[in-house]
Amino acid sequence: MMKQNGSWWKDDRIPGLIARKQVDGFLFGHGFEIPPDFYPDFEEAGGGKLPAIGESRPIRLLHENGGVYATYEARMEHWRIAVPSGKTSLEIRYDSNKEFKQFLLSAFSSTYLEVEEWSQRLASQPDASGIPRVQGREYGPAGVYAAALEARRTGPAGDASAGSRRIPPRGEAAQQAAVRSPFDTPDAYLPREERAEYLYLYRTDTPFTYRLELRPLGGQEMRPAHFFIAESGAEYLVAPASESEQAVIAPAEPARPHLADEQIASAIADVSAYIRQRGFSFPAGLVEQLYLSLKTRPFVILAGISGTGKTQLARLFAEAVGATPANGQFTLIPVRPDWNDPADLIGYKDLSGRFKPGPLTLALKEASRPQQANKPHFIVLDEMNLARVEHYFSDVLSLMETRRRSVAIQDGNGLAAGNGASESGRSADAGVLAGEIITQPLLPSALFEHEEDRAAYGDLYIPGNVYVIGTVNMDETTYPFSKKVLDRAGTLEFNHIDLMQLPQLRAEAEVEAEPLFVDRHFLGSEYLQLVDAMQDHAKLIQQTAEELNTLNAMLEEIQAHVGFRVRDAVCFYLIYNQRFQLLTRAEAFDAQLMQKILPRVQGSRHSVKKVLLDLLRHCLGSEAAKAFDWRELEDSAEAAYSGRRSRESLAAARYPQSARKIAYMLRRLDEDGFTSYWLN
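Residues numbered from 1 in each chain as written. Predicted model: local features only at pLDDT ≥ 70, side-chain atom pairs only at ≥ 80, totals over all residues. Heavy atoms only, no water.

Enquirer: So what's going on with the nonpolar core? Which residues, and what values?
Expert: Counting residues in each nonpolar core, the largest one holds 130 residues, and the members touching the most others are Tyr-291, Phe-299, Phe-378, Met-384, Phe-393 and Leu-616. Once residues within four sequence positions are removed from consideration, Phe-378 is found in contact with Leu-294, Phe-317, Ala-318, Val-321, Ala-323, Gln-329, Phe-330, Thr-331, Tyr-467, Ile-469 and Leu-523. If you look at the next biggest cluster of nonpolar residues, it comprises 34 residues, including Ile-34, Tyr-72, Tyr-112 and Tyr-210. (Core = buried A, V, L, I, M, F, W, Y, C linked by side-chain atoms within 4.5 Å. Buried < 20%, exposed > 50% of the residue type's maximum accessible area, 1.4 Å probe, protein only. Contact = heavy atoms within 4.5 Å.)

Pasting the structure below:
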């Protein structure tokens, strides 16, 4: 849908666009007024809020130039301009930001010169007394308001018809008819279409932060024109494109929806239906757990016996949210057993010093392109533990711990600088919108010998729209995981297989599920530090930390206790679950016990058995006292994993999934003298 109000225009087919504003004289002065038609667009971009009447709030205007963002400070103000009628004016103002006004003047020099020309012409016209109307005033940017006011007092206001733009007539008539000044329209000044310049405003991830795109004289439209301008006397009328013109218009990619919290559960149900209709069935709640794990941290491990569909789950989940190999948003990387350093994954320099990028580097470069910023990208490491993960993936694991939100800071030249610089002298946050999740560079610029390599891959980081999923089999052909890996990943194990879960025919479904094509907020992390969530979720964090502290006291006996990283990840997982209402609190914490706590427990000592029994008692909850004779279990835990009482007690447990896993680990300890979460 396209809408227009005077010099303002918007096409909903352009992703992220708030509005386009045709440049007028006021833009060089105090700012610009937002038409009421566009209030909803700015409200959505502001996180659902606008300043109340009489209020003002700071905003940030970002402009990208050569991969570097300049940040300019401004304000959004809501004025009451008519009492008692209640008429108001919502404006973006930068009166005192001389640097930004000078920047606009240099960018839109064509419009500025035309404003100045008309201002001087108007100033030279005498009034009825023969005295020049605006004698002694400074014109150009500083005098635009006075000229506009003078013209509105003395000249007839143009009655521009809906959907049209009125401009001064051409030729000698323009010299003779001073009353047809550029200030005779409600929009103050509209330059001629063939000399029109535009300012585009786009949404960003941060409310009240807008990205600017400048279209100076000779600039190209974002897409082939959706309309053309027909001249009619002294007016240019906006007319629909002809059928031949419409035929050459490339279809615009639909804007990716930003889902509210209450819409997430429905979206995940659609993802599950999409996977099921493609012929794959997975345990109940697994898709929800995968979503929450990716939302918590962008690295998830899918574990299970061979043939359970781990790779297919990763592929279909990505496909269900619009990421496929065809559009470059899904990359499958098979891991080889001979990988013992990062070179095969990240890349290496050949004998000539040229850099040969690996598959991970190419995927990260694609995800870092500006047009990909709002789209989720998935990288799947298939059979990732065929080689030792710590050997070839250690650089990436370390970088994940440097995630932070970028901060754009203006330097003396009006360019954006981060709060640190790379070895090449470039800003650490160069080319990144404020508030974006970034890491330290994976490939510092100083690493490269050739300028072409430095330009292509220098300071490449892991962007916030990238999600890594590893698939693993735990058998005699693979390597186990260290605690360094387990701490940094969400681990989902699904070994329980029901062969009677047959594929659902698409024809049997009431509605065929289609990909969602969501924006990256769907999976993007909103909390990087626990303090980010304390204000809104203090009670849940307190309860979770207390329970984890109880478990930590048990794990400490075998040096398997967790640290702050795990605590924060569990809290984030439960916060997202509570916000989106995907699982019960018990189901969510049960999943976190399986992902974060139990994989750390292994060994053959008697102390390991004692810890497992303590964990089992905790998982059983109120059932624990009457379930078993706990003193007998210290000698033989058979009653905990076999017999009718065991099945009934485990089914009634507070955390049944973890209770069943602990019972199995006790069985392996009794029968083999050794136990581990990963033994099948």
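Text resumes after the structure shown.
Enquirer: How would you summarise unusual backbone geometry if you had to cite specific residues and measurements?
Expert: As a rule of thumb, non-glycine residues mostly have phi less than zero, and peptide bonds are mostly trans rather than cis. Although it is not a glycine, Phe-517 adopts a positive phi angle of roughly 50°. In this structure, Phe-517 sits in the loop between strand E23 (490–493) and helix H16 (531–555). Looking at Phe-517, the relative accessible area reads 39%, which means it is partly exposed. (Helix = DSSP H or I, 4+ residues; strand = E, 2+ residues; numbered from the N terminus.)

Enquirer: So what's going on with the side chain of Arg-600? Residues and values would help.
Expert: As for its placement among the helices and strands, Arg-600 is situated in the loop between helix H18 (585–597) and strand E24 (602–603). Residue class for Arg-600 comes out buried when judged on its relative accessible area of 10%. Within polar-contact distance, the side chain of Arg-600 engages the side chain of Asp-487 at 2.5 Å. In this structure the side chain of Arg-600 is engaged in a polar contact, spanning 2.9 Å, whose partner is the backbone oxygen of Ala-560. (Polar contact = N/O pair within 3.5 Å; in protein donor to acceptor, adjacent residues only side chain to side chain.)

Enquirer: I'd love a proper account of the packing of helix H7 (residues 261–277) against helix H9 (residues 310–320), names of residues and values included.
Expert: Between H7 and H9, whose axes approach to 9 Å, the crossing angle comes to 125°. Compared by their axis directions, H7 and H9 come out oblique. Here H7 runs over H9; the crossing is right-handed. Touching Val-271, Tyr-274 and Ile-275 of H7 are Leu-313, Leu-316, Phe-317, Glu-319 and Ala-320, all from H9. Classifying every residue of the contact of H7 with H9 by side-chain character gives 7 nonpolar, no polar and 1 charged. (Axes fitted to C-alpha atoms, helices over the stretch in contact; angles between N-to-C directions. Parallel < 35°, antiparallel > 145°, perpendicular 65-115°, else oblique. Left-handed = near helix turned anticlockwise from the far one by under 90°. Nonpolar A, V, L, I, M, F, W, Y, C, P; charged D, E, K, R; others polar.)

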